[in-house]
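Next come the chains, spelled out residue by residue.
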Amino acid sequence: MEQVQLKKFLVILALLFGVFFSVNTANAFDREKIQIISEIGTLANSEKYLQALDKCKSAMTRYPDEAELYYWSAVIKTHMKDNKGALVDFNKAVELNPQDSNVYVMRGITKNELGDDKGALADFDQAIKLNPKNSSAYSMRACVKISTGDLQSANDDLETANKLFDDTQKEE
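The following paragraphs examine the structure supplied in this document. (Residues numbered from 1 in each chain as written. Predicted model: local features only at pLDDT ≥ 70, side-chain atom pairs only at ≥ 80, totals over all residues. Heavy atoms only, no water.)

## Topic: the nonpolar core
The line we're drawing: To form a nonpolar core, buried Ala, Val, Leu, Ile, Met, Phe, Trp, Tyr and Cys residues must be joined to one another through side-chain atoms within 4.5 Å. Categorising residues by exposure relies on relative accessible area from a 1.4 Å probe, with only protein chains included: less than 20% of the type maximum marks a residue as buried, more than 50% marks it as exposed, and the intermediate range marks it as partly exposed. The helix count covers DSSP runs of H or I at least four residues long, the strand count covers runs of E at least two residues long, and both are numbered beginning at the N terminus.
One finds Ile 40, Tyr 71, Trp 72, Ile 76 and Phe 90 to be the most contacted residues of the largest nonpolar core, which totals 38 residues. Listed by contribution, the elements that provide at least two residues to this core are helix 2 (31-45), helix 3 (49-62), helix 4 (67-79), helix 5 (83-96), helix 6 (101-113), helix 7 (117-130), helix 8 (135-147) and helix 9 (151-171). The greatest single-element share of this core, amounting to seven residues, is contributed by helix 4.

Now the structure itself:
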């Protein structure tokens, strides 16, 4: 049951990050790229992972320097249980857009799934450095800290994540 809830959380997180990324960088995209990325997100949200991945691969040949395509490919691969393939794509997304804190969060989750706690913590740290208001980065870092026995620091991260979440709710 816990695995199913984590999967749902990751899909929602990925969709939110993807939408956020698209909205914040829309001026750098042309309409066709926005349409393709939207279709990929819709397919992924409908759990049509093979179709979404095929659309990603096709778009990558046309737009090889588009970080968001690698991001989506990685997210889809995580749902297909291909974490090693996802890590390759997250690495490429970071290479193309090293200022996107959300990609570091998702890559950190993938590294954690692969047993790389040190790498996961480094990615969550980088996400927080880039965006100190990224509550997901604090939450996910806390999860890794709990699993490594660093309970006090994990508690501090959870308190920060909760405060940031509460602050976000007040703004809405």
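## Some details on a nonpolar patch on the surface
Put simply, the rule is: In this analysis, a patch consists of residues with relative accessible area above 30% that form no salt bridge, clustered at 9 Å for like charges and at 5 Å for the nonpolar side chains Val, Leu, Ile, Met, Phe, Trp and Tyr. Only the protein chains shown count as covering a residue, and every accessible area follows the Shrake-Rupley method with a 1.4 Å probe. Between Lys or Arg on one side and Asp or Glu on the other, a salt bridge is scored when a side-chain nitrogen of the former is within 4 Å of a carboxyl oxygen of the latter.
Together, Ile 146, Leu 151 and Leu 158 make up a nonpolar patch on the protein surface, roughly 260 Å² of accessible area in all. Inspection of the secondary structure assignment puts Leu 151 in helix 9. We classify Leu 151 as exposed; its relative accessible area is 54%.

## Here we look at the environment of Tyr 104
With respect to the helices, strands and loops of the structure, Tyr 104 is situated in helix 6. Sequence spacing of Tyr 104 and Val 94 is ten residues, and the spatial spacing of their C-alpha atoms is 7.3 Å.

## Thoughts on the packing of aromatic side chains
Put simply, the test is: Only Phe, Tyr and Trp rings are paired, with Trp represented by its six-membered ring, and only when their centres lie within 6.5 Å; those with planes under 30 degrees apart are stacked, over 60 edge-to-face, the remainder tilted.
Under the defined criterion, the tally for this structure stands at two aromatic pairs. Between Tyr 71 and Phe 90 the ring centres are 6.2 Å apart and the planes differ by 65°, which places this aromatic pair in the edge-to-face class. Of this pair, Tyr 71 sits in helix 4 while Phe 90 sits in helix 5, and the two are 19 residues apart along the sequence. Phe 90 matches Tyr 71 in its accessibility class, with the two residues each being buried.

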